[in-house]
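Commentary on secondary and tertiary structure
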Amino acid sequence: MAELKFFDKVAARAGVPDDTARSLTEATLRTLAERISGGQAAELADHVAHELRPLLARADVEEPEVFAYDEFVRRVAERAGVGPSLAERGAGAVLQTLHRVVGHREFEQTMAQLPTEIQALAQPVPQTP
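Residues numbered from 1 in each chain as written. Predicted model: local features only at pLDDT ≥ 70, side-chain atom pairs only at ≥ 80, totals over all residues. Heavy atoms only, no water.

**Considerations on the overall build of the chain**
- Helices and strands together make up the secondary structure of the chain, namely 7 helices and 0 strands.
- Starting at the N terminus, the α and β elements of the chain follow one another as α-α-α-α-α-α-α.
- Split into buried and exposed, the 129 residues of the chain put 47% on the buried side.
- Sequence separation of 24 or more characterises 69% of the internal contacts of the chain that already satisfy a separation of 6 or more. (Helix = DSSP H or I, 4+ residues; strand = E, 2+ residues; numbered from the N terminus. Buried < 20%, exposed > 50% of the residue type's maximum accessible area, 1.4 Å probe, protein only. Contact = heavy atoms within 4.5 Å.)

Structural data, given as structure tokens:
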């Protein structure tokens, strides 16, 4: 049940249908797990709904893959079957939702392992007046 709320929040933040939110969530969490240490991925997994935990599973316990923003977005787009612009917006929505779920401290520890450009995806878009 909790994972459905996660998908609903991603859908609302990204402005996409539920099925697209699910694809974007799965793609983003899998890509994030590749980019952070296995230990940090396991820590995140401990804070999300049971059904989302396999998305953060890593075969390699510690060593993350090193890749930049463009590759992060490319992987999300490919896995979710969407274009780069939607992948970028969706990844931001997933990261923002993840922040609310796992808490500030855990989220900040995760963000510290990422390049600044990927960290920026987690920042809400300013609302224009």
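What follows picks up the thread again.
**So, a positive patch on the surface**
- Where like charges cluster on the molecular surface, the positive patch consists of K5, K9, R13 and R100.
- No other element matches the 3 residues that helix 1 (residues 2-14) contributes to the positive patch.
- By secondary structure assignment, the location of K5 is in helix 1. (Patch = residues over 30% accessible without salt bridge, like charges linked within 9 Å, V, L, I, M, F, W, Y side chains within 5 Å. Areas by Shrake-Rupley, 256 points an atom, 1.4 Å probe, with all protein chains shown as cover. Salt bridge = Lys/Arg side-chain N within 4 Å of Asp/Glu carboxyl O. Lys, Arg positive; Asp, Glu negative; His and termini not counted. Charge placed at Lys NZ, Arg CZ, Asp CG, Glu CD.)

**With respect to the packing of aromatic side chains**
- Per the counting criterion, the structure on display carries 1 aromatic pair.
- The aromatic ring of F67 is capped on one face by R35, whose charged end is 5.8 Å from the ring centroid.
- Its guanidinium or amino end placed over the ring of F67, R75 lies 4.0 Å from that ring's centre, counting from NZ or CZ. (Phe/Tyr/Trp six-rings, centres within 6.5 Å; stacked < 30°, edge-to-face > 60°. Lys NZ or Arg CZ within 6 Å of the ring centre and 35° of its normal.)

**What to know about the pattern of salt bridges**
- Counted under the stated rule, the structure contains 6 salt bridges.
- Across the salt bridge formed by E34 and R75, the nearest N and O atoms sit 2.7 Å from each other. Of the two residues, E34 sits in helix 2 (residues 18-35) while R75 sits in helix 4 (residues 69-80), which places them 41 residues apart along the sequence. R75 shares its class with E34; the two are buried.
- Close ionic contact of E78 with R74 constitutes a salt bridge, the shortest N to O distance being 2.8 Å. Pair noted here: E78 and R74 are both in helix 4, with a separation of 4 residues, about one helical turn.
- For E78, a relative accessible area of 58% corresponds to the exposed category.
- Exposure remark for R74: the relative accessible area of 39% places this residue in the partly exposed category.
- Among the charged side chains, a salt-bridge network with shared partners connects E34, E65, E71, R74, R75, E78 and R79.

**Section: the environment of R53**
- If you trace the backbone, R53 turns up in the loop between helix 3 (38-45) and helix 4.
- The class for R53 is partly exposed, based on a relative accessible area of 34%.
- If we skip the residues at most four places from it in the chain, R53 touches A45, D46 and V48.

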